[in-house]
Amino acid sequence: MTSRGWPFVELPVLDYLGALIGRHSPRVFHGIGFVCVQHLLETTGTLFQNLVRLGADPADIFVLGKAYSTNDDVVARLRSLGVHVDPGSSDAEAGEFGAVMERDVARLWRAAEPRLARSGMRGIIVLDDGGRCIGAAPGWCIAGGRVVGIEQTQSGVARLPFDRLPIVLVAASAAKKIFESPLIARAIARKTLEAMAGRSLTGTIGIIGYGHVGRALAAELQREDCKLLIYDLAAGEQAEARGSDRWCHDLQDLTARSSLIFGCTGVDVFDEVEVDGAWFKDGALLASCSSEDIEFRSILRRWIRPDGGIAAVHRDHICNVTGVEVRVMRGGFPVNFDGSLESVPGADIQLTRGLLLGGIWQAALMLEQGDDVPGSAMLAPAVQAAVCRSWVRFKPRNDAGSAGELPGELLESSLLESESFGELRGVAIDMAAMIHQ
């Protein structure tokens, strides 16, 4: 429910964290500019709404969306807050979204410069999804060391310029890796069914990639009693050792036997593979679970039918692979982004939005303290623990069972620290003291 005078839904986890920030750092966002790439969804609006409540000037917030996830209503409501919003370009040819994003990011920085390069700004926080916005940070922004980046996706980490500026790695936080993946997996399964117009998940389902999302998706589909095949690009040679008839010895073994194939790798699955019609069942569905149009880029570039043209977001693409037709769902973009207000229910994804708000708080404190040493920064374990505990408290049920069944050690700062990546900077210790007061 929205509150009077504010356009976006209230999220208890963000309310809780916002109260902490307001109590301990009431002016931390004053004079800070924000340059952001984000999915323009309902709960993203809630995140920016909280920044404005906590003292950020909306005129100093510049946000670029990704066209395949942008919701027009969210764009309008963010603009009503006074935020500069670019919805993102939707004119990418199939498999070429990355090049369009680079162009869009350059446009965002040009729009931000007149406002954020002025004197009097205390610093700039770059909140990124995919690493391109941080990577394109211009000289005027980097000069003087008054900028901190935040990256929220694993796929974006490889693009990050750790030698140029400090970057808070929300993407590599244990809380995100442990708790978010099951939420995404559930949404993927549900939205795939919706995209299939009510057809059940019959036939064999293949999962390529057995990282956090792949494992969570396999567990979700097992609950639906689906017949599964699994192949991991990095561990194919270990298939026999796993001792399960679900594990495939090679990629073609999985694709040729599956009617529905989920890509959970974060890379172009077929980038270095020569495929032909023998690789697929006629009419097979390919569904991406990663960012942008990465998973099936090679299939789209080489085999899309001539009438494929511009990759209209949310539209399936038919690819003719030497006489065998396969359908790449939603143009190769993540199947859980369907143009609606949320890709994952708000009660679930408020966990991720809370981690992002915690990362923004940490970045602002780094600017305040003059911590401008380039390199990675671990998301403060105390922030991760606080967000997770509030999420469990406000969300009665999650993938680990009821809140009471969730292993307590998963919520401890020490475990979250050991499972997170990045340098544990001094500000993280300061934040722990604030949270535990």
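That block above? That's the structure.
To keep things clear, this report deals only with the structure shown in the data block. Because the structure is predicted, anything quoted here is derived from the model rather than measured.

At their nearest, the axes of helix 1 (residues 12–24) and helix 13 (residues 381–394) sit 9 Å apart, and the two run at 140° to each other. Looking at the two axes, helix 1 sits oblique to helix 13. Considering only the axes of helix 1 and helix 13, their crossing is right-handed. Side by side, helix 1 and helix 13 meet where Pro 12, Val 13, Tyr 16 and Leu 17 of the first sit next to Ala 386, Val 387, Ser 390, Trp 391, Arg 393 and Phe 394 of the second. Within the contact of helix 1 with helix 13, the residues separate by chemical class into eight nonpolar, one polar and one charged.

Before going further, it helps to examine helix 15 (residues 426–435). Buried residues of helix 15: Val 427, Ala 428, Met 431, Ala 432, Met 434 and Ile 435, and no others. Across the axial projection of helix 15, the buried residues extend over an arc of 160°, all falling on one side. Residues of helix 15 that are buried make contact with helix 1, helix 12 (346–369) and helix 13.

Looking now at the pairing of strand 11 (residues 317–321). Most of strand 11 is tucked away, with four of its five residues classed as buried. The pairing of strand 11 with strand 12 (residues 324–328) spans five bridges and is antiparallel. Within strand 12, the residue paired with Cys 319 across the bridge is Val 326. Adjacent in sequence and paired antiparallel, strand 11 and strand 12 are bridged by two residues, among which Thr 322 carries a positive phi angle near 45°.

Attention now goes to the side chain of Thr 204. Turning to its location among the elements, Thr 204 is positioned in strand 7 (residues 204–208). The residues contacting Thr 204, other than those within four sequence positions of it, are Lys 227, Leu 229, Arg 257, Ser 258, Ser 259 and Leu 260.

Attention now moves to the pairing of strand 8 (residues 227–231). By the criterion of burial, strand 8 is predominantly enclosed, with four of the five residues buried. Looking at chain direction, strand 7 and strand 8 are connected through five bridges and run parallel. Bridging from a neighbouring strand, Gly 206 pairs with Leu 229 of strand 8. The β-α-β motif built from strand 7, the intervening helix 9 (residues 212–223) and the parallel element strand 8 has right-handed crossover chirality.

Moving on, we come to the nonpolar core. Buried together is how nonpolar side chains tend to be arranged in soluble globular proteins. Ranked by size, the top nonpolar core spans 96 residues in total, and within it Phe 29, Phe 34 and Phe 262 carry the most contacts. Considering every element that reaches this core, the biggest residue donor is helix 12, with 12 residues. Residues contacting Phe 262, with those up to four places away along its chain left out, are Ile 188, Thr 192, Ile 205, Gly 206, Ile 207, Ile 208, Leu 217, Leu 221, Ala 287 and Cys 289. Membership of the second largest hydrophobic core comes to 33 residues, among which are Leu 41, Tyr 68, Ile 134 and Val 147.

How each quantity is defined
One numbering rule holds for all chains: residues counted from 1, following each sequence as written. Where totals are concerned, whole chains, interfaces and linings use all residues; where local detail is concerned, this predicted model gives features only for residues with pLDDT of at least 70, and gives and counts side-chain atom pairs only at 80 or more. Only hydrogens and water are set aside when side-chain values are computed; all heavy atoms of the structure are taken into account. For every element, the axis is a line fit to its C-alpha atoms; helices are fit only across the contacting stretch, and the angle between N-to-C directions ranges from 0 to 180 degrees. Secondary structure elements follow DSSP: runs of H or I of four or more residues count as helices, runs of E of two or more count as strands, with numbering from the N terminus. Note on terminology: angles under 35 degrees are roughly parallel, angles over 145 are roughly antiparallel, angles of 65 to 115 are roughly perpendicular, and the others are oblique. Crossing handedness is read from the near helix: turned anticlockwise from the far helix by less than a right angle, it gives a left-handed crossing, and turned clockwise, a right-handed one. Any pair of residues with heavy atoms lying within 4.5 Å of one another is described as a contacting pair. Basically, the charged four are Asp, Glu, Lys and Arg, the nonpolar ten are Ala, Val, Leu, Ile, Met, Phe, Trp, Tyr, Cys and Pro, and anything else, Gly included, counts as polar. Partly exposed residues are those whose accessible area sits between 20% and 50% of the maximum for their type, while under 20% is buried and over 50% is exposed, using a 1.4 Å probe and protein chains only. By definition, the arc is the one covered by directions from the helix axis to the C-beta atoms. Pairing between strands requires that DSSP locate at least two bridges from one strand to the other. A clockwise course of the path from the first strand over the helix to the second, judged with the strands pointing away from the viewer, identifies a crossover as right-handed. Side-chain atoms within 4.5 Å link the members of a nonpolar core, which is a set of buried Ala, Val, Leu, Ile, Met, Phe, Trp, Tyr and Cys residues.

Interpretation in functional terms is not warranted from these geometric data alone.
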